[in-house]
Amino acid sequence: MQTIQETPDLSAYLAADEVIDHHHDLVREAAAGLAAGVADSYEYARAAFEFVRDTIPHSQDSGDPRVTWRASDVLERRTGICYAKAHALAALLRAEDIPTALCYQDLGVVHGLVAVRFHGAWHRQDPRGNKPGVDARFSLDGERLAFTPDPASGERDYPLLYAAPHPVVLDALKTARDRPHLWRTLPTALPEHAGT
């Protein structure tokens, strides 16, 4: 799939904000710990991906009712759905100066991923967490995502690469009392943008 940067300014994909708070001490400490054991930025990106995928359970899989949305909270509480885990991974990657975008799929509900930039190209990654039937892996050589949209069922990939979480996604996370409430209010689509 051909992805499209929401903004041509690559520095936007390194920025910190209230959600991707890679300036937070907890994020910096986690990034430093991961960076200490690797030789280069590619190995770091793989280690960060596997850390988020494997050590932060997807709250639906684990039955955790808490809703997290800020990267530092995801790392502290060790829980989150796909969007929250994508925020945590984006923060860890941006903390080490790896441009990282947020991107989405329409799978009947909106599913959150990240894209990392290496060698002049974007590569989508899905840190949601593996389970029976789901085997997402870090890859710069062909996508190894958790899910593949089924166009016959109306599913699709959204091509835009966002520098910040989509407002529809962030609103759903921030207004949810708990995960069961969030599950009832998950966005089913993202508003269309010109050119997509």
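In what follows, the structure referred to is the one given above.
The structure reproduced in this document is the subject of the present report. (Residues numbered from 1 in each chain as written. Predicted model: local features only at pLDDT ≥ 70, side-chain atom pairs only at ≥ 80, totals over all residues. Heavy atoms only, no water.)

Applying the stated criterion across every chain yields a total of 2 cavities of 30 Å³ or more. Taken together, Ser59, Arg66, Val67, Thr68, Gly80, Ile81, Leu173, Arg179 and Leu182 make up the lining of the second largest cavity. (1 Å grid on protein atoms, 1.4 Å probe; cavity = no way out; pocket = protein on both sides within 12 Å on 5 of 7 lines; lining within 4 Å. Points joined across faces, edges and corners; volume = space filled by probe spheres on them.)

We now examine the packing of helix H1 (residues 25-36) against helix H2 (residues 41-55). Contact geometry of H1 with H2 gives a least axis separation of 9 Å together with a crossing angle of 125°. As the angle between them shows, H1 and H2 are arranged oblique. Our pair here, H1 against H2, has a crossing hand that is right-handed. Here Ala31, Leu34 and Ala35 of H1 come into contact with H2, specifically with Tyr44, Ala47, Ala48 and Phe51. Tallied by class, residues from the contact of H1 with H2 come to 7 nonpolar, no polar and no charged. (Axes fitted to C-alpha atoms, helices over the stretch in contact; angles between N-to-C directions. Helix = DSSP H or I, 4+ residues; strand = E, 2+ residues; numbered from the N terminus. Parallel < 35°, antiparallel > 145°, perpendicular 65-115°, else oblique. Left-handed = near helix turned anticlockwise from the far one by under 90°. Contact = heavy atoms within 4.5 Å. Nonpolar A, V, L, I, M, F, W, Y, C, P; charged D, E, K, R; others polar.)

Applying the stated criterion across every chain yields a total of 6 aromatic pairs. Centroid distance Tyr42 to Phe118: 6.3 Å. Interplanar angle 75°. Geometry classified as edge-to-face. Residue Tyr42 is found in helix H2, and its partner Phe118 is found in strand E3 (residues 110-118); the two are separated by 76 residues along the sequence. For Tyr42, a relative accessible area of 30% corresponds to the partly exposed category. Each member of the aromatic cluster is reached from another via a ring pair, and the members are Tyr42, Phe49, Phe118 and Phe138. One residue, Lys174, lies across the ring of Trp69, its end atom 4.7 Å from the ring centre. (Phe/Tyr/Trp six-rings, centres within 6.5 Å; stacked < 30°, edge-to-face > 60°. Buried < 20%, exposed > 50% of the residue type's maximum accessible area, 1.4 Å probe, protein only. Lys NZ or Arg CZ within 6 Å of the ring centre and 35° of its normal.)

The phi dihedral of Arg78 is positive, around 55°, even though this residue is not glycine. Within the element layout of this structure, Arg78 appears in the loop between helix H4 (71-77) and helix H5 (82-95). By relative accessible area, which is 36% here, Arg78 ends up partly exposed. The phi angle at His119 is positive, at roughly 55°, despite the residue not being glycine. With respect to the secondary-structure elements, His119 resides in the loop between E3 and strand E4 (121-125). Classification of His119 by relative accessible area gives exposed; the value is 77%.

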